[in-house]
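These are the residues of each chain, in order.
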Amino acid sequence: DLCKSIGLIHSLAARGEALRESNPEESKKAFSEASMYKAKLPAFIFQCSRFEPHEWIDTKKKNHGVGQWRHQEHGVLNGLFMVDYDHIENPRKVYEQIDPGILKAWGLKMAFVSPSGFGLKMVLEARLEVGNLASNQLKSSQEIGLQCDEKCKDSSRLSFAPMWEDVLYFSEELFTYENKEFSDKYEPE
């Protein structure tokens, strides 16, 4: 059950956060168990509208055939990017303290508390003049005043689905936004 899984992830992550300093080994176990449950949640890819069909042969030489496999080099960028802020005690409060003018200027499409309960994720419009996805993450984070998780610069990066009550902002444009100029400039050849 999705609700039960997210509740369990929240409690395991809270346990991991609480033990981070006093008992690092137990903290690591709690986070590991939370990750196991998180991996079973539905997920979204906000930065790509689709993946071009291609053949996938894995590292063990197994041919998986032709499909729309989630490989960064075959992603069709849509001009959106996701920023992920981790280890936040109260993500809702942090979100409420962000200048709404900055979020509007960055074309906020969605903001939500991550399934762990200790992260904040936002989907924003990439600015062509700023650069690629990673450059947009860094520049927007500087303006917002938070340190982003730089591992999320991969355009094929999954984001696990939040519960609706964890969604802080949502625009229907999330599903239709396309910036062809950005896609043409930054898509892999």
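A few words on helix 5 (residues 133-144). Its 12 residues give helix 5 an end-to-end C-alpha distance of 16 Å, which sits within 8% of 16 Å, the value for a rise of 1.5 Å per residue. Buried residues of helix 5: Leu133, Asn136, Gln137, Ser140, Ser141 and Ile144, and no others. Within helix 5, the buried residues cover an arc of 125° as seen down the axis, which keeps them to one side. Looking at the packing, one finds that the buried side of helix 5 touches strand 5 (75-77), strand 6 (80-85), helix 4 (100-105), strand 8 (120-125) and helix 6 (180-186).

Okay, the sheet that holds strand 7 (residues 110-113) next. With antiparallel pairing, the 4 strands of this open sheet are ordered in space as 6-8-7-10. Across the chains shown, the open sheet's two edge strands, defined by having one partner strand only, are strand 6 and strand 10 (167-170). Each adjacent strand pair in this sheet contributes to an overall mean axis angle of 10°, direction not counted. Lying on the sheet, helix 5 is in contact with strand 6 and strand 8; it crosses strand 6 at an angle near 55°.

A few words now on the nonpolar core. If you look at the biggest cluster of nonpolar residues, it comprises 22 residues, and the most contacted ones within it are Tyr85, Tyr95, Met122 and Ile144. Secondary structure elements with two or more residues in this core: strand 2 (48-51), strand 6, helix 4, strand 8 and helix 5. If sequence neighbours within four positions are ignored, tyrosine 85 has contacts with Phe118, Gly119, Leu120, Met122, Ser141, Ile144, Leu146, Gln147 and Cys148. Counting residues in hydrophobic clusters, the runner-up holds 9 residues, among them Leu80, Met82, Met110 and Val167.

Here we come to the side chain of aspartate 58. Along the chain, aspartate 58 turns up in the loop between strand 3 (54-57) and strand 4 (63-67). A distance of 2.9 Å separates a polar atom in the side chain of aspartate 58 from the backbone nitrogen of lysine 60.

A separate point is the environment of serine 171. Secondary-structure assignment places serine 171 in the loop between strand 10 and helix 6. Taking the C-alpha atoms as reference, serine 171 lies 37 Å from aspartate 58; in sequence the two are 113 residues apart. Each residue touching serine 171, except ones within four places of it in the same chain, is listed here: Leu108 and Lys109.

Considering all chains together, one arrives at 8 salt bridges under this definition. With a shortest N-O distance of 2.9 Å, aspartate 184 and lysine 180 are connected by a salt bridge. One end of the pair is aspartate 184 and the other is lysine 180, both in helix 6 and 4 residues apart, which spans about a single turn. The exposure class assigned to lysine 180 is exposed, which follows from its relative accessible area of 56%. If you follow the salt bridges from partner to partner, you end up with Lys109, Glu125 and Glu173 in one network.

Criteria and cut-off values
Residues numbered from 1 in each chain as written. Predicted model: local features only at pLDDT ≥ 70, side-chain atom pairs only at ≥ 80, totals over all residues. Heavy atoms only, no water. Helix = DSSP H or I, 4+ residues; strand = E, 2+ residues; numbered from the N terminus. Expected span 1.5 Å × (residues − 1). Buried < 20%, exposed > 50% of the residue type's maximum accessible area, 1.4 Å probe, protein only. Arc of directions from axis to C-beta. Contact = heavy atoms within 4.5 Å. Pairing = 2+ DSSP bridges. Axes fitted to C-alpha atoms, helices over the stretch in contact; angles between N-to-C directions. Core = buried A, V, L, I, M, F, W, Y, C linked by side-chain atoms within 4.5 Å. Polar contact = N/O pair within 3.5 Å; in protein donor to acceptor, adjacent residues only side chain to side chain. Salt bridge = Lys/Arg side-chain N within 4 Å of Asp/Glu carboxyl O.

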